[in-house]
There are 2 protein chains.
Amino acid sequence: MQKIDVRKKILSANEEYALRNNRFLAEHKILCLNMISSPGSGKTTILTRTINELKGKIKIGVIEGDIQTDIDARRIKATGAPAIQINTNGACHLSAAQVNNALTKLPIKKLNLIFIENVGNLVCPSAFELGEDYKVVVLSVPEGDDKPAKYPAIFAKSKVLLINKIDLLNAGVQIDFDVERVKVDVRKLNKTIQIFPISAKAGDGMTTWYQWLIKSVKNTKID
Amino acid sequence: MQKIDVRKKILSANEEYALRNNRFLAEHKILCLNMISSPGSGKTTILTRTINELKGKIKIGVIEGDIQTDIDARRIKATGAPAIQINTNGACHLSAAQVNNALTKLPIKKLNLIFIENVGNLVCPSAFELGEDYKVVVLSVPEGDDKPAKYPAIFAKSKVLLINKIDLLNAGVQIDFDVERVKVDVRKLNKTIQIFPISAKAGDGMTTWYQWLIKSVKNTKID
């Protein structure tokens, strides 16, 4: 009878690729962040502003995940940063194999930080590791403050929560969003998460996010 | 050798349940609408306002799909309408079997219209028939006007598009949303879709939506 070593964890194909991506990124001392949110919460706008404002400080590349179109990759390329578009053609999340392929197309030696902008979906992407160092979840004010309770997985797994579009809180429109309620609900799921309220359009709160990025890139270089 | 009739379409378990639900609803002359959108586009607010304003005209019941919590079912029940909560516990869409079970718990003989509020997700729910007559997709203004191009499937399959939160268009905040662009992009995917720009909070445009509902319920009774 053949003996099987059951202590060895059997990795799925996705986990194998994720591990490979993670090792590759670590070898090149690149910080990799997997950005996850609903459609339209502002991921691409956060990225274009971040790239523009951190020029000369951090060298950023982007892997763009979308079901269809290259709208987002074109927005990123307009900043001058390298961007690789992945079209999932209907699939609701990026896979580590797709990211593995995209990594071969980026100018790796010229980068300190790679953002992966996942498909707009608050549910499925949280279940698929891509090899990133950290997940960053974006929740925008018009989505409502009940979302961490209703979609807990991604808030539990993320290192950073960006609460975007905070300029709408004082715009004189009816919005059900209490920043303190979100902080309390999210910290019940995740004690160590960093929470940055921002407006990527108006610029509010972005400095704290940039400081976190600069510090995290520096730590990746030292590790 | 056994003969197999390959002309007969083999239905998946989900399709079997969807067909069963559809027949059951037709027998009871109930219109059933499957509401699909990203998290936070305003599905529950649309439903509560619609239920309140159509009291005495249409008898409405709701099946609420959420990953976690019964926040939405409680909001519906506060209107006096019957609501059944389904928690998918992580799954990214409702299944027809879950809806089949929920239908046994609603006071069917007292209803003309059942709304199914799907899990907040613009991708996965579009691929799973629940036995509804029509899909209704909700896109809210802060999500941005590029969403039909980026997430085409649900816009291609829906009978109605509700463009929600149009009060934000004139709120003096920076919003990238051109209603005409959305109409053009959506009609490229779906020539017969009905498009109603609304604000479920402020009340704008709701009358046209109510008229469509009243007419569609009437047609269901006659069929």
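Residues numbered from 1 in each chain as written. Chains lettered and ligands numbered in written order. Predicted model: local features only at pLDDT ≥ 70, side-chain atom pairs only at ≥ 80, totals over all residues. Heavy atoms only, no water.

Quick notes on the sheet that holds strand β4 (residues 113-117) of chain A
Residue and element names in this part refer to chain A. Across the sheet, which stays open at both edges, the seven strands sit in the order β3-β2-β4-β1-β5-β6-β7 with parallel pairing between neighbours. At either end of the open sheet lies a strand with only one pairing partner, and these are β3 (83-87) and β7 (194-197). Ignoring which end each strand starts from, the neighbouring axes of this sheet average 20° apart. Pairing of strand β1 (residues 31-36) with strand β5 (residues 134-140) involves four bridges; the strand directions are parallel. Looking at β5, one finds that isoleucine 36 is bridged to valine 137. On top of the sheet, helix α7 (residues 179-189) reaches β5, β6 (160-164) and β7; it is set at about 165° to β7, its chief contact. (Pairing = 2+ DSSP bridges. Helix = DSSP H or I, 4+ residues; strand = E, 2+ residues; numbered from the N terminus. Axes fitted to C-alpha atoms, helices over the stretch in contact; angles between N-to-C directions. Contact = heavy atoms within 4.5 Å.)

Brief notes about the layout of surface pockets
Quantified by volume, the largest pocket comes out at close to 560 Å³. Elements supplying a minimum of two residues to the lining of the largest pocket: α5 (147-150) of chain A together with α2 (43-53) and α3 (71-77) of chain B. A per-element tally of the lining of the largest pocket places α2 of chain B first, with four residues. A breakdown of the residues in the lining of the largest pocket according to their chemical character gives eight nonpolar, twelve polar and 15 charged. Estimates place the volume of the second largest pocket at around 490 Å³. Forming the boundary of the second largest pocket are 32 residues, of which Gly42, Thr45 and Lys201 of chain A together with Glu143 and Asp176 of chain B lie nearest the centre. (1 Å grid on protein atoms, 1.4 Å probe; cavity = no way out; pocket = protein on both sides within 12 Å on 5 of 7 lines; lining within 4 Å. Points joined across faces, edges and corners; volume = space filled by probe spheres on them. Nonpolar A, V, L, I, M, F, W, Y, C, P; charged D, E, K, R; others polar.)

Topic: the nonpolar core
One finds Phe155, Leu161 and Ile163 of chain A together with Phe155, Leu161 and Ile163 of chain B to be the most contacted residues of the largest nonpolar core, which totals 49 residues. Where this core is concerned, the elements lending two or more residues are β5, α6 (152-157), β6 and α7 of chain A together with β5 (134-140), α6 (152-157), β6 (160-164) and α7 (179-189) of chain B. Leave out the neighbours within four places in its chain, and leucine 161 of chain B touches Val137, Leu139, Phe155, Val182, Val186, Ile193, Gln194, Ile195 and Phe196 of chain B. (Core = buried A, V, L, I, M, F, W, Y, C linked by side-chain atoms within 4.5 Å. Buried < 20%, exposed > 50% of the residue type's maximum accessible area, 1.4 Å probe, protein only.)

As for unusual backbone geometry
Residues and elements named next belong to chain A. Positioned with a positive phi, lysine 29 is a non-glycine residue whose angle comes to about 55°. Residue placement: lysine 29 occurs in the loop between α1 (13-27) and β1. By relative accessible area, which is 38% here, lysine 29 ends up partly exposed. A positive phi is found at threonine 69, a non-glycine position, where the angle reads about 75°. For threonine 69, a relative accessible area of 22% corresponds to the partly exposed category.

Side note on the confidence of the model for chain A
Low pLDDT means the predicted atomic positions in that stretch should not be read closely. Per-residue confidence for chain A averages 94 on the pLDDT scale, and 95% of its residues sit at or above 70. Across the interface, the model reports ipTM at 0.87; the global pTM reads 0.91. (pLDDT = per-residue confidence, 0-100.)

A few points about the sheet that holds strand β3 (residues 83-87) of chain B
All names here are of chain B. Strands sit in the order β3-β2-β4-β1-β5-β6-β7 across an open sheet of seven strands; the sheet is parallel. Strand pairing shows two members of the sheet lacking a second neighbour, β3 and β7 (194-197), which therefore form its edges. With direction set aside, neighbouring strand axes in the sheet form an average angle of 20°. Bridge count between strand β2 (residues 60-66) and β3: five bridges; the pairing is parallel. Pairing of valine 62 across the sheet is with alanine 83, part of β3. Running over the sheet, α7 touches β5, β6 and β7 and is turned about 165° from β7. Strands β1 (31-36), β4 (113-117), β5, β6 and β7 of the sheet are contacted by helix α8 (residues 206-222), whose axis makes an angle of about 140° with β1.

Quick word on the packing of helix α1 (residues 13-27) of chain B against helix α4 (residues 96-103) of chain B
Each pair of packed helices gets described by two things: the angle between the helix axes and the distance between those axes. Residue and element names in this part refer to chain B. Interhelical geometry of α1 versus α4 gives an angle of 30° and a closest axis separation of 8 Å. When you trace α1 past α4, the crossing you get is left-handed. For the pair α1 and α4, contact is made by Asn14, Tyr17, Ala18, Arg20, Asn21, Phe24 and Leu25 and by Ala96, Ala97, Val99, Asn100 and Leu103, respectively. Grouping the amino acids of the contact of α1 with α4 by side-chain chemistry returns eight nonpolar, three polar and one charged. (Left-handed = near helix turned anticlockwise from the far one by under 90°.)

Comments concerning the interface of chain A and chain B
Contacts between the two partners involve 34 residues from chain A and, on the opposite side, 34 residues from chain B. Of all residues in chain A, Pro39, Lys150 and Lys201 of chain A bury the most surface against chain B, accounting for 22% of the area lost on that side. Between the two partners, chain A and chain B, sit six salt bridges. In this structure, the salt-bridge partner of lysine 201 of chain A is aspartate 176 of chain B, at a minimum N-O distance of 2.8 Å. For the pair chain A and chain B, the interface holds eight residue pairs in polar contact (both at pLDDT 80 or more). Contributions of two or more residues to the side of chain A that touches chain B are made by α3 (71-77) and α5 of chain A. (Buried area = accessible area lost by both parts, 1.4 Å probe. Salt bridge = Lys/Arg side-chain N within 4 Å of Asp/Glu carboxyl O. Polar contact = N/O pair within 3.5 Å; in protein donor to acceptor, adjacent residues only side chain to side chain.)

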